Amino acid sequence: MSRIGFIGLGHMGSGMATNQAKAQHVVKAFDLSAEALQRAEANGCHPVASAADAVKDAEIVITMLPAGSHVRSVYETEVLPNAPRGALLIDCSTIDVDSARAVAGKAAEAGFTFADAPVSGGIMAAEAGTLTFMVGCADDQYEAVRAALGPMAKAVVHAGAAGAGQAAKICNNMVLGVTMLGVCEAFALGERLGLDPERFFEIASRSSGSSWSINTYCPWPGVGPKTPADNNYEGGFLTALMLKDLKLAQEAAARSGAATPMGAQAEALYALFDRMGYGGKDFSAVLQWMRGQPQVLN
Ligand code: NAD
């Protein structure tokens with residue numbers, strides 16, 4: 001049993017904190033939202049009045065916040081000044097690599113172990129405790145991080161040193177955004193050529209066109225395994241979050257000098273789809289736009 005300070009109880013953090021409480025850890029939980037705090041209490045956590053209160057006697061601190069600015073500010077003003085020296089600090093938010101490395105540096109200076117550990121998997125995986133974590137931390141710190149993430153995880157992978165978890169996350173999601181767009185274009189073209197979508201799925205998912213985007217997350221309703229496409233693209237991985245991750249990838253590409261023209265194109269297409277009003281739909285809904293019928297999403 002460990003004492004855990006958990007900060008950020010939104011769509012993802014709520015289920016993650018609950019799974020730590022279910023694993024018999026004492027979870028002091030904080031969020032700016034009163035509703036989130038009430039939900040945390042109902043789920044076995046101990047709501048507290050501030051982030052400082054959540055971390056002040058914690059052995060492990062876990063944060064699940066919207067973006068890099070929130071993470072920098074919460075660590076600089078609440079966590080590092082108030083957590084006991086030696087506490088293990090893990091940020092699971094998806095943020096830019098530079099912010100992750102900056103926080104890791106400040107944490108190390110102050111005598112803490114810090115890991116960036118963004119996740120793959122959405123709200124359902126957060127609730128089920130089946131997230132995949134990509135961890136950036138020193139080799140000798142990894143075992144403790146892996147153990148701390150256990151109750152929330154299906155898999156934990158050590159990506160490398162500080163910031164490597166965030167790098168892996170944005171590179172993985174750039175693959176996902178690009179392949180989903182390719183799969184949607186292929187289905188739309190196939191339809192124009194008179195190809196039955198079920199037959200195309202059977203062929204492409206067993207041929208060189210196979211990918212997670214078609215095999216596991218087929219965007220055509222009623223074809224392949226059950227996916228958000230079968231629920232009018234509700235739930236799943238929101239277009240707005242895919243756009244956030246593609247933007248992070250493009251910012252990182254610009255700063256590092258990497259050429260990512262397909263990632264840039266994917267970012268532009270998802271930005272347009274988001275501006276059309278579909279940010280709240282699953283990212284595979286771009287299929288209907290490519291078929292020329294986005295109105296079916298309304
Ligand atoms: P969310 O907006 O639902 O939750 C964020 C929570 O942080 C909110 O409840 C907010 O009140 C709280 N918060 C903000 N500033 C705070 C502060 N200073 N102190 C305490 N609490 C504060 O977001 P989410 O969907 O839970 O996502 C969290 C992170 O996980 C993001 O970085 C996101 O990119 C990433 N992520 C989300 C998903 C998903 O499917 N939702 C999947 C993978 C990764």
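Quick caveat: nothing in here was measured; it's all calculated off a predicted structure.

Enquirer: Can you help me understand helix α5 (residues 97-109) in this one?
Expert: Counting along an α-helix, one turn takes 3.6 residues, and residues three or four places apart therefore face a common direction. In this model, α5 (13 residues) spans 18 Å end to end at C-alpha, consistent with the 18 Å of a helix rising 1.5 Å per residue. Looking at α5, one finds that the buried residues are V97, S99, A100, V103, A104 and A107. Along the long axis of α5, the arc covered by the buried residues comes to 165°, so they all point the same way. Packing partners of the buried residues in α5 comprise α4 (68-82), β5 (88-91), β6 (113-116) and α8 (164-192). G111 sits one or two residues past α5 and shows a positive phi near 90°.

Enquirer: For this particular structure, what's the right way to read the pattern of salt bridges?
Expert: For side chains bearing opposite charge, pairing can occur when the charged atoms are close. Counted according to the given criterion, the structure contains 10 salt bridges. Linking K106 and E76 is a salt bridge whose minimum nitrogen-to-oxygen distance equals 3.4 Å. Taken together, the positions of K106 in helix α5 and E76 in helix α4 put the pair 30 residues apart, joining distant regions of the chain. Take K106: its relative accessible area is 38%, and that puts it in the partly exposed class. We classify E76 as partly exposed; its relative accessible area is 37%. Note that R291 is salt-bridged to E191, the shortest N-O span being 2.6 Å. In this pair, R291 sits in the segment after α13 (286-290) while E191 sits in helix α8, placing the two residues 100 residues apart along the sequence. Residue R291 is classed as buried on the basis of its relative accessible area, which comes to 16%.

About the cut-offs
- Residues numbered from 1 in each chain as written.
- Predicted model: local features only at pLDDT ≥ 70, side-chain atom pairs only at ≥ 80, totals over all residues.
- Heavy atoms only, no water.
- Helix = DSSP H or I, 4+ residues; strand = E, 2+ residues; numbered from the N terminus.
- Expected span 1.5 Å × (residues − 1).
- Buried < 20%, exposed > 50% of the residue type's maximum accessible area, 1.4 Å probe, protein only.
- Arc of directions from axis to C-beta.
- Contact = heavy atoms within 4.5 Å.
- Salt bridge = Lys/Arg side-chain N within 4 Å of Asp/Glu carboxyl O.

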